Amino acid sequence: MGLGLFHRHRGATPYLLLAPGMLWLAAFFLVPLGFLAYQSLESGSIIAGFGYAFTWAWSNYSSAVRGYTGEFERSFEYAGLATVIALVVSYPVAYWIAFRGGRWKNLLLLFIVAPFFVTYLIRTLAWQTILSDHGLVVRLLTDIHLISPGGRVLATGTAVVAGITYNFLPFMALPLYVSLEQIDQTLIEAAEDLYASKWRAFLRVTFPLSLPGVVAGTLLTFIPAAGDFINAQLLGSPTSHMIGNVIQSKFLGLQDYPAAAAMSFILMAIILALVLVYARVVGTEKLTG
Amino acid sequence: MTVEAAVPPEAPAATEYDIRLIGLTKRFDDVVAVDGISLDIDRGKFFALLGPSGCGKTTTLRMIGGFEEPTEGRIELGGVDVAPLPPYKRDVNTVFQSYALFPHLTIFENVAFGLRRRGVKGGDLRRRVGESLELVGLAGLERRKPRQLSGGQQQRIALARALVNRPRVLLLDEPLGALDLKLRKEMQLELKRIQADVGITFVHVTHDQEEAMTMADGIVIMNGGRIEQLGTPSELYERPRTPFVAGFLGVSNLLEGTAVAGDRVKLADGTEVQCPHEVLGGRTGTVQIGVRPEKLRIGGDAGNSLSGTIAESAYIGVSTQYIVETPAGPVTVYVQNDRPGGQVATGERLTLSWSPESTFVVDALEGSS
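### Some remarks on the pairing of strand β8 (residues 169-173) of chain B
Residue and element names in this part refer to chain B.
Phase 1: For β8, a buried count of five out of five residues is recorded, marking the element as mostly surrounded by other parts of the structure.
Phase 2: Here β8 shows a buried face lined by Val169, Leu171 and Asp173 and a second buried face lined by Leu170 and Leu172.
Phase 3: Both strand β7 (residues 92-95) and β8 contribute to a ladder of four bridges, which runs parallel. Directly across from Thr94, in β8, lies its bridge partner Leu171.
Phase 4: By the bridge criterion, five bridges tie β8 to strand β9 (residues 201-206) in an arrangement that is parallel.

Here you go:
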């Protein structure tokens, strides 16, 4: 009986199934986005009594770029570095779990996800202790002369990149694991049968077949990392602030909504452009496997 | 004879072998998959490893290919022990059961994979890939991806990808298992033709006795990690030496009896059966005599005879199958329907006869008296 509706409107079924998600997106993503766009073109000041007015103030955009070029650059530099490091660190881990994990696979995956049981803020605060001036890491790095005596790690760009890498590592490792796990082991045997050494077989067969995971992992890491502000705030200093810090302080501290909204749009546009270029370079089919 | 019985390693080899397995054993934890098999395979032959699943045939093939390390024993390819070598250093190529074509590469690149690893380039590479695709009848598909091909086509590409390297030995791991019956029959003949064309030694693993009989020059029947018997298809069919072979390859009537002379066996009911001297092979005590259902005649006097009553009959077109109850046990008989109305009714008494030449002898089953 209940299914009668679906049978009578067979063509409408997909739309009915999509409707809840679409409504959700419209209400909680598109509408706020439109509001943000509207806000980014307002002008006025806090001194004038919170009276922002819509005036097609495109100057919000130009002054955002002019005033905060460094923060923008740093955002993409840190996010890019963290993405590359996360890829290099998690690829062998994901590879090992997928191919050698055996019956320990699920437990090992749990270890990767385990930090997520603690909130983002606490996890990042823990890194303050780890990287603190009298902490173990600094002592170790001083001992092996990687930093000079009295040098610091905390409140530097290195600490920010380390924090971002750590916080987004699971977003890299899990897609990598999934794509590696799906690779038919016989294909690697076939490559070795056809005179490819283990390394050649990896380069010619395993790695190309894991590319969907690499693409998914890098996007899932890079996109949120570029807009992150927690790591720079807790582990960095004003000289290592990212654009996320500026947006956060304008929105919540200075209540300069138009400038913050304009910066958000610029950030979004640059990320979108980078993703499109990336997808073009590696091939869009890799995104869907 | 195309299959030589294995000789001890210290004895000089009489002919050129492509593959010699000597005391080859593979244990997985406490399971013995392959139990000390020794086997010589002549150059340029089509050879089948036949047996039920779990008999160790695939493990044997994977050890030759280098995908499993033997626990004990030697694998000689052209006289050189390759057991310690990785797959990519062996002059052997494999056609995998799942084909294992590289999904991200074109058909051309799939076939060229082995040649590229060996430094073949340019026009030479293109010519050899082209020839190989022609050999399997799929020229013109170079730019396709594997998933755009049918199962049968993928199977041929897997064959081309292996053969293009001109290996010393080609290993085939149940390559026709995933194809439908009609295509499988076609490919059996095709494989045989290609093997004759290229003259490379083929080692084909299968559990399908008909497939092995159709294609192979020599067959090894494996069971429980050991070799039961090796020989040409007709040797194995006409003269099986173990109850397992008699039962695995076609249908056999096995009747228990006692060897009373070098060429005679007395059945349970007192009937004496004659057989060639060599099939009894000096056995004494309890044995089983065997005869194939199509070698039995109703009536006549072909040398050996047995009386009984027809218990069941089934008409299947070209022949009629009878089950005849005899004092020595039930016997299956196939009678050609070479004239209309030749069937015999259930319950009728008759005498079966067969030639001593068609009689084989296997050991008695353990546990029976």
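Now that the structure has been shown, we can carry on.
### Points about the sheet that holds strand β20 (residues 349-354) of chain B
All names here are of chain B.
Phase 1: Taking strand neighbours across the sheet as the criterion, the five strands line up as β16-β20-β17-β18-β19 in an open arrangement whose pairing is antiparallel. Whereas interior strands pair on both sides, the edge strands pair on one side only; in this sheet they are β16 (297-298) and β19 (329-336).
Phase 2: Here six bridges tie strand β17 (residues 304-315) to β20, and the two strands are oriented antiparallel to one another. If you follow Thr309 over to β20, its bridge partner there is Arg349.

### Brief notes about the environment of Gln185 of chain A
Residues and elements named next belong to chain A.
Phase 1: As for its placement among the helices and strands, Gln185 is situated in helix α9 (residues 185-193).
Phase 2: Classification of Gln185 as partly exposed rests on a relative accessible area of 40%.
Phase 3: Sequence spacing of Gln185 and Ala261 is 76 residues, and the spatial spacing of their C-alpha atoms is 49 Å.

### A short note on the environment of Lys45 of chain B
All names here are of chain B.
Phase 1: Its location among the elements puts Lys45 in the loop between β3 (31-42) and β4 (46-50).
Phase 2: Given a relative accessible area of 25%, Lys45 falls into the partly exposed group.
Phase 3: On a C-alpha basis, the gap between Lys45 and Glu186 in space is 20 Å, while along the polypeptide they are 141 residues apart.

### Describing the domain arrangement of chain B
Phase 1: Splitting chain B by domain gives domain 1 (3-238) and domain 2 (251-363).
Phase 2: Here the C-alpha centroids of domain 1 of chain B and domain 2 of chain B sit 39 Å apart.

### A word on the sheet that holds β9 of chain B
Two pairing modes exist for strands in a sheet, parallel and antiparallel, and in both the strands are linked by backbone hydrogen bonds.
All names here are of chain B.
Phase 1: Taken in spatial order, the six strands make up an open sheet running β7-β8-β9-β4-β10-β11, and their pairing is mixed. Of all the strands in the sheet, the pair left with one neighbour each is β7 and β11 (226-231). Within this sheet the neighbouring strands show an average axis-to-axis angle of 20°, counted without direction.
Phase 2: Contacts from helix α1 (residues 57-65) reach β4, β7, β8, β9 and β10 (218-223), with the element oriented near 145° to β8.

### Concerning the nonpolar core
Phase 1: Residues Leu159, Leu163, Leu170 and Phe202 of chain B are the most contacted members of the largest nonpolar core, which totals 46 residues.
Phase 2: Tallying contributions element by element places helix α4 (residues 151-163) of chain B first for this core, with six residues.
Phase 3: Beyond its immediate stretch of four places on either side in the chain, Leu163 of chain B contacts Leu135, Leu170, Ile194, Val198, Ile200 and Phe202 of chain B.
Phase 4: Counting residues in hydrophobic clusters, the runner-up holds 32 residues, among them Ala86, Tyr91, Phe99 and Ala191 of chain A.

### With respect to the packing of α9 of chain A against helix α10 (residues 198-226) of chain A
Residue and element names in this part refer to chain A.
Phase 1: Put simply, α9 and α10 touch, their axes get as near as 9 Å, and they point 140° apart. Here α10 runs oblique to α9, going by the angle between their axes. In the crossing of α9 with α10, the sense of the turn from one axis to the other is right-handed. Taken together, the residues of α10 that come into contact with α9 (itself represented by Leu187, Ile188, Ala191 and Glu192) are Lys198, Ala201, Val205, Thr206 and Leu209.
Phase 2: When grouped by side-chain class, the residues that make up the contact of α9 with α10 number six nonpolar, one polar and two charged.

### What to know about unusual backbone geometry
Residue and element names in this part refer to chain A.
Phase 1: You will see that His145, though not glycine, has its phi angle at about 60°, which is positive.
Phase 2: Summarising the element assignment, His145 is placed in the loop between α7 (136-143) and α8 (157-181).
Phase 3: Here the phi dihedral of Tyr195 falls at roughly 70°; this positive angle occurs in a residue that is not glycine.
Phase 4: You can see Tyr195 is positioned in the loop between α9 and α10.

### Some remarks on the pairing of strand β18 (residues 319-326) of chain B
All names here are of chain B.
Phase 1: Bridge count between β17 and β18: six bridges; the pairing is antiparallel. When the sheet's bridge partners are listed, Ser313 is paired in β18 with Tyr322.
Phase 2: The antiparallel hairpin formed by β17 and β18 contains three residues in its connecting segment, where Gly317 sits at a positive phi of about 85°.
Phase 3: In terms of strand pairing, β18 meets β19 through eight bridges, oriented antiparallel. Residue pairing for β19: Thr320 is matched across the bridge by Val335.

Rules behind the numbers
Residues numbered from 1 in each chain as written. Chains lettered and ligands numbered in written order. Predicted model: local features only at pLDDT ≥ 70, side-chain atom pairs only at ≥ 80, totals over all residues. Heavy atoms only, no water. Buried < 20%, exposed > 50% of the residue type's maximum accessible area, 1.4 Å probe, protein only. Helix = DSSP H or I, 4+ residues; strand = E, 2+ residues; numbered from the N terminus. Pairing = 2+ DSSP bridges. Domains from an automatic or database assignment. Axes fitted to C-alpha atoms, helices over the stretch in contact; angles between N-to-C directions. Contact = heavy atoms within 4.5 Å. Core = buried A, V, L, I, M, F, W, Y, C linked by side-chain atoms within 4.5 Å. Parallel < 35°, antiparallel > 145°, perpendicular 65-115°, else oblique. Left-handed = near helix turned anticlockwise from the far one by under 90°. Nonpolar A, V, L, I, M, F, W, Y, C, P; charged D, E, K, R; others polar.

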